[in-house]
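Results of the structural survey
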Amino acid sequence: MFLILRRGFATNSSLLCSSEKIVVPPLKMKINKSKVPKIREKDLEEKYITGWGPGGQAVNKTLNAVYLRHVPSGVWIKCHESRSLDRNRKTARKMLIEKLDLKINGEDSVQRQEERLASHKRNLKREKTRLKYEERRKEKENQSETDQENSSNKEDNLEYIPEDN
Amino acid sequence: MALHLSRAVRRVAHFSGISGSRCFAAVASFSVNNNLLKTLFYNQRHENSDTVFFYTTKRNFSVLTNKKNVPRKYCRGFSSPATGIDTNSNVQCVLEAVHKILEDAEIPEAETCSRYLVSQVLGSTKQFAYKEHLQQKLDNAQVEELNRLVACRLARMPVQYLAGNWDFREITLQVRPPVFIPRPETEQLVDIVLDHLPSKTSQRLLEVGPGTGNICLSLLHENPDIQVTALERSKMAADLTKENAKLLNLDQRLEVIEMKVEANTTLPPNSDQTPQPVQYDALVSNPPYVLRKDLISLAPEIYVYEDLRALDGGAEGLDVILNILRLALKYVKPDGLIFLEVDPCHPHILPLHLEKQALPFKIDKVLKDFQDKERFLILSRSS
């Protein structure tokens, strides 16, 4: 005895998946840091607000802003991010290198590369989300088509007819 | 420490529970060695003020007011000064108002201070954090707190004590009066010590006078191979060092011993009961090194609120330094180095004293601070 499958029975929805899946090559962009300029201490001019008198223990000032200038290029930085003078000096040097990098290397600078990488990642994510919603939308459409067919089948009063009749 | 009260201080204490009087006074009392004044009293009439408030340590406050179990607030305002700050002005206007109040009272660094205080009531430790809230209005609690902070600053309380914490290199330390506030020069001392320690070997360091713990905790934070034993004469400073160590998770490698370093000091037996006295690989210290003649011209922020025992080095500023060297003779390895922060005159006058006192040390290096003053000494055993 065999069952005859009538039209209108639901089939596995995965068969209805679109064949539009795009294969995305894995992202292997790396930041190229070889062009980042190196600075020499002797090319730097550093200033802080100086205290008066003997300094040291005898003075209590909240001075912590560092003004750093790279003499050959004229690029300068003011850093007062932290309350520690030492930390500000270190941060100022990092900021100066970044600023120099941007000025000298332009589009090849680390900052621009990072921006491009971030924007590329965002685009990929958007694309992935878009595809996901596309799939879901299509599934829903097919599901509703199937439902419509099922309800119309019922009106025709088609039934399961055993073979041995 | 012995407490000596002048008559005027007693009057201020009498008013401490009652609101308002015309005089605005900041009081601190502590004793230093016998050659210095026992009580320092700083009094200033502030025209528009209707406030009595004073600062003192928790222990002194109990003595002054006969109250026990006082909460830890180091400055009390009993009626707010007429700052004109209220909940109707936005942060921009409040900042300008605070700046004007401090400037009119000739408080140094008025602009920087006003930024720190406004950012503090907005919940940040960064100086320019207020910029993100320029059009915002303060709520009642913030206005009250800001008024309290401004009042304290008018009483010349240092900004660091008002904030309650301050950054030192890569760590943030709790600070409170009268424990000595870390100075920016000392940040370089840590660099010097780290540069001269052999890498990847475990080292035992001895520190004299940690204060808030800035030197030892920075060293421990930046070098995982060292252990430090710190000697501190002030109970308040010792407690603060231990507290900071715990907050920074560095207490496992730090031992704080409450003791004063004098001419013939011996260290208590070390905790692991080893029979020989421990020989330390190096000694580091930012000892009291201010010369007596310079102590007189200190700013009120320092002589009222900070423990002068952390500053007073005697007539030539060398009293504590020489005692530290005597200690090093006994407890630091013969090839160990001694790192000191000193007054700029010391590289020139110390060798003479070392000869006179027959202390077998020589100065290996003299290093300058960021203001180009000779600030740091590295010493080692001679012959």
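Remember, it's a predicted structure, so these values are computed and weren't measured experimentally.

Scanning chain B from N- to C-terminus turns up 13 helices and 13 strands. A total of 383 residues make up chain B; the buried ones form 55% of that total. Summed over its atoms, the accessible surface of chain B is roughly 17,200 Å², and 48% of this surface lies on carbon and sulfur atoms.

Turning next to the interface of chain A and chain B. Listed as interface residues are 25 residues of chain A and, on the opposing side, 43 residues of chain B. Overall, the association of chain A and chain B removes approximately 2,800 Å² of surface from exposure, summing both partners, and the carbon and sulfur fraction of that is 46%. On inspection of chain A and its partner chain B, the count reaches three salt bridges. Looking at side-chain class alone, the side of chain A that touches chain B contains seven nonpolar, 12 polar and six charged residues.

Quick look at the nonpolar core now. Taken as a class, soluble globular proteins show a tendency for nonpolar side chains to be buried jointly. Residue and element names in this part refer to chain B. Counting residues in each nonpolar core, the largest one holds 44 residues, and the members touching the most others are Val98, Val118, Leu138 and Leu146. When contributions to this core are tallied by element, the ones reaching two or more residues are helix H3 (91-104), helix H4 (110-121), helix H5 (140-154), helix H6 (159-163) and helix H11 (300-305). Leu327, Val332, Leu359 and Leu377 belong to the second-largest nonpolar core, a separate cluster that totals 29 residues.

Moving on to the packing of H3 of chain B against H4 of chain B. All names here are of chain B. Between H3 and H4, the shortest axis-to-axis distance is 9 Å and the interhelical angle comes to 135°. In terms of their interaxial angle, H3 and H4 are classed as oblique. Our pair here, H3 against H4, has a crossing hand that is right-handed. Of H4, the residues touching H3 (which contributes Val91, Val94, Leu95, Val98, His99, Leu102 and Glu103) are Ala110, Glu111, Cys113, Ser114, Arg115 and Val118.

Considering all chains together, one arrives at 34 salt bridges over all chains under this definition. Among the salt bridges present, the one from Arg115 of chain B reaches Glu111 of chain B, with a minimum N-O distance of 2.7 Å. Highlighted residues: Arg115 of chain B and Glu111 of chain B, both in helix H4, separated by four residues, approximately one helical turn. According to the relative accessible area criterion, Arg115 of chain B is buried, its value standing at 15%. Connected through salt bridges with shared partners, the residues Asp86 and Lys90 of chain A together with Arg169, Asp191 and Glu222 of chain B form a single ionic network.

The next point concerns H3 of chain B. Spacing of three or four residues puts side chains on the same side of an α-helix, whose turn is 3.6 residues. All names here are of chain B. With 14 residues, H3 should cover 20 Å at 1.5 Å per step; its first-to-last C-alpha distance of 20 Å lies within 8% of that length. Looking only at H3, the buried set comprises Val91, Val94, Leu95, Val98, Ile101 and Leu102. Projection of H3 onto a plane perpendicular to its axis shows the buried side chains occupying an angular sector of 130°, all on one side. Where H3 is buried, its residues contact H4 and H5. The positive-phi residue at the C-terminal boundary of H3 is Glu106, with phi of around 60°.

With that settled, consider the side chain of Glu301 of chain B. Residues and elements named next belong to chain B. Summarising the element assignment, Glu301 is placed in helix H11. Note on Glu301: relative accessible area 5%, which makes it buried. A distance of 3.0 Å separates polar atoms of two side chains, one belonging to Glu301 and the other to Arg153. Each residue touching Glu301, except ones within four places of it in the same chain, is listed here: Pro108, Arg153, Arg156, Pro158 and Glu306.

With that settled, the discussion passes to a positive patch on the surface. Residues and elements named next belong to chain A. Taken together, Lys128, Lys132, Arg136 and Lys140 make up a surface patch of like positive charges. With respect to the helices and strands, Arg136 occurs in helix H2 (residues 110-156). Residue class for Arg136 comes out partly exposed when judged on its relative accessible area of 45%.

Residues and elements named next belong to chain B. On the basis of which strands lie adjacent, the open sheet formed by seven strands has the order S9-S8-S7-S10-S11-S13-S12 and mixed pairing. Of all strands in the sheet, those bounded by a partner on one side alone are strand S9 (254-258) and strand S12 (361-368). Averaged over all neighbouring strand pairs, the angle between strand axes comes to 20°, with direction disregarded. Relative to strand S11 (residues 332-341), strand S10 (residues 280-285) is paired through five bridges, and the arrangement is parallel. Counted as the bridge partner of Tyr280 is Val332 from S11. Lying on the sheet, helix H7 (residues 185-196) is in contact with strand S7 (203-208), S10, S11, S12 and strand S13 (374-381); it crosses S11 at an angle near 155°. Those strands touched by helix H8 (residues 214-222) are S7, strand S8 (226-232), S9 and S10, and its axis lies near 175° from that of S8.

Turning our attention to the packing of aromatic side chains. Two descriptors summarise a pair of aromatic rings, namely the distance from one centre to the other and the angle between the planes of the rings. Taken as a whole and assessed by the stated rule, the structure comprises four aromatic pairs over all chains. When the centroid spacing of 6.4 Å and the interplanar angle of 35° are considered together, the rings of Phe128 of chain B and Tyr130 of chain B count as tilted. Owing to a relative accessible area of 7%, Tyr130 of chain B belongs among the buried residues under this scheme. In this structure, Lys99 of chain A packs its charged tip against the face of Trp76 of chain A, placed 5.4 Å from the ring centre.

What counts, and where the lines are drawn
Residues numbered from 1 in each chain as written. Chains lettered and ligands numbered in written order. Predicted model: local features only at pLDDT ≥ 70, side-chain atom pairs only at ≥ 80, totals over all residues. Heavy atoms only, no water. Helix = DSSP H or I, 4+ residues; strand = E, 2+ residues; numbered from the N terminus. Buried < 20%, exposed > 50% of the residue type's maximum accessible area, 1.4 Å probe, protein only. Areas by Shrake-Rupley, 256 points an atom, 1.4 Å probe, with all protein chains shown as cover. Contact = heavy atoms within 4.5 Å. Buried area = accessible area lost by both parts, 1.4 Å probe. Salt bridge = Lys/Arg side-chain N within 4 Å of Asp/Glu carboxyl O. Nonpolar A, V, L, I, M, F, W, Y, C, P; charged D, E, K, R; others polar. Core = buried A, V, L, I, M, F, W, Y, C linked by side-chain atoms within 4.5 Å. Axes fitted to C-alpha atoms, helices over the stretch in contact; angles between N-to-C directions. Parallel < 35°, antiparallel > 145°, perpendicular 65-115°, else oblique. Left-handed = near helix turned anticlockwise from the far one by under 90°. Expected span 1.5 Å × (residues − 1). Arc of directions from axis to C-beta. Polar contact = N/O pair within 3.5 Å; in protein donor to acceptor, adjacent residues only side chain to side chain. Patch = residues over 30% accessible without salt bridge, like charges linked within 9 Å, V, L, I, M, F, W, Y side chains within 5 Å. Lys, Arg positive; Asp, Glu negative; His and termini not counted. Charge placed at Lys NZ, Arg CZ, Asp CG, Glu CD. Pairing = 2+ DSSP bridges. Phe/Tyr/Trp six-rings, centres within 6.5 Å; stacked < 30°, edge-to-face > 60°. Lys NZ or Arg CZ within 6 Å of the ring centre and 35° of its normal.

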